[in-house]
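Secondary and tertiary structure notes
Listed below, chain by chain, are the residues.
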Amino acid sequence: VASSVDRLTASRKLTATQIAEINAAVAGTEKGRVIVTFLTVEWDAEEYAKQLVEVLKKCGFDAVLSDHLWVEMKPDGVFLTGTASTLPKAASAIQRAFAAAGIVLPVEPPGETAREVGAGPEDAVLVVSNRN
């Protein structure tokens, strides 16, 4: 019960070890533009999204925080998306780097989220949604 409560009440954030693993995993890879957006009504999503932007910037990505206000978002969790049917190179690099840090970033098909934040065909969109 305690671990279930912690999972729902502890703020999502990357640890120093995960940040180092992400940085090491993207060293030497092609970087690009990443738009990070978050579910506005989820209590810890904004702070987590801001941390992700800073980590990605330090890794060399052109990362920006979207100011789009989301009150509902599907699916849950943290995921990648874009406007094209295949992931841009930046998104693939981010997915591999997060996997190296023990974080699974599923890919959602192109859709409303990427269009609403103004993503271009080569932009990756990293989404912080509801906890899952």
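So, here's what we can say about the structure. (Residues numbered from 1 in each chain as written. Predicted model: local features only at pLDDT ≥ 70, side-chain atom pairs only at ≥ 80, totals over all residues. Heavy atoms only, no water.)

**Comments concerning the overall build of the protein**
From N to C terminus, the protein includes 5 helices and 4 strands. Reading the helices (α) and strands (β) of the protein from amino to carboxyl end gives α-α-β-α-β-β-α-α-β. Taking 132 residues into account, the globule formula puts the C-alpha radius of gyration at 14 Å, and the protein, at 14 Å, falls close to it. With the C-alpha coordinates aligned to their principal axes, the bounding extent of the protein is approximately 40 × 30 × 20 Å. Looking at the protein as a whole, 42% of its 132 residues are labelled buried. Surface summary for the protein: the accessible area is close to 7000 Å², and the carbon and sulfur share equals 53%. On the protein, the mean spot of the 13 positive side-chain charges and the mean spot of the 17 negative ones are 4 Å from each other. (Helix = DSSP H or I, 4+ residues; strand = E, 2+ residues; numbered from the N terminus. Rg over C-alpha atoms; globule rule 2.2 N^0.38 Å. Buried < 20%, exposed > 50% of the residue type's maximum accessible area, 1.4 Å probe, protein only. Areas by Shrake-Rupley, 256 points an atom, 1.4 Å probe, with all protein chains shown as cover. Lys, Arg positive; Asp, Glu negative; His and termini not counted. Charge placed at Lys NZ, Arg CZ, Asp CG, Glu CD.)

**Details of the layout of surface pockets**
In this approach a probe as big as a water molecule rolls over the atoms, and the regions it shows empty are the leftover space. The space that makes up the second largest pocket amounts to roughly 180 Å³. Lining the second largest pocket are 13 residues, and of these Met 73, Lys 74, Pro 75, Glu 112 and Thr 113 sit closest to its centre. At the level of elements, strand 3 (78–81) and helix 5 (112–116) are the ones that each hand at least two residues to the lining of the second largest pocket. Tallied by class, residues from the lining of the second largest pocket come to 6 nonpolar, 3 polar and 4 charged. (1 Å grid on protein atoms, 1.4 Å probe; cavity = no way out; pocket = protein on both sides within 12 Å on 5 of 7 lines; lining within 4 Å. Points joined across faces, edges and corners; volume = space filled by probe spheres on them. Nonpolar A, V, L, I, M, F, W, Y, C, P; charged D, E, K, R; others polar.)

**Points about helix 2 (residues 16–26)**
Taken together, the buried positions of helix 2 are Gln 18, Ile 22 and Val 26. One side of helix 2 carries all its buried residues, which in axial view fall inside an arc of 60°. Opposite the buried face of helix 2, by more than 90 degrees, sit the exposed residues Ala 16, Thr 17 and Ala 24. On its buried face, helix 2 is in contact with helix 3 (45–58) and helix 4 (89–100). Of the residues flanking the end of helix 2, it is Gly 28, one or two places downstream, whose phi is positive at about 80°. (Arc of directions from axis to C-beta. Contact = heavy atoms within 4.5 Å.)

**Comments concerning the nonpolar core**
A general trend in soluble globular proteins is that nonpolar side chains are found buried together. Of all hydrophobic cores here, the largest spans 30 residues; its most connected members are Leu 56, Phe 61, Phe 98 and Leu 126. Of all the elements in the fold, those that place two or more residues in this core are helix 2, strand 1 (33–38), helix 3, strand 3, helix 4 and strand 4 (124–128). Sorting elements by how many residues they give to this core places helix 3 first, with 7 residues. Leave out the neighbours within four places in its chain, and Leu 56 touches Val 34, Val 36, Phe 61, Ala 63, Ile 94, Phe 98 and Leu 126. (Core = buried A, V, L, I, M, F, W, Y, C linked by side-chain atoms within 4.5 Å.)

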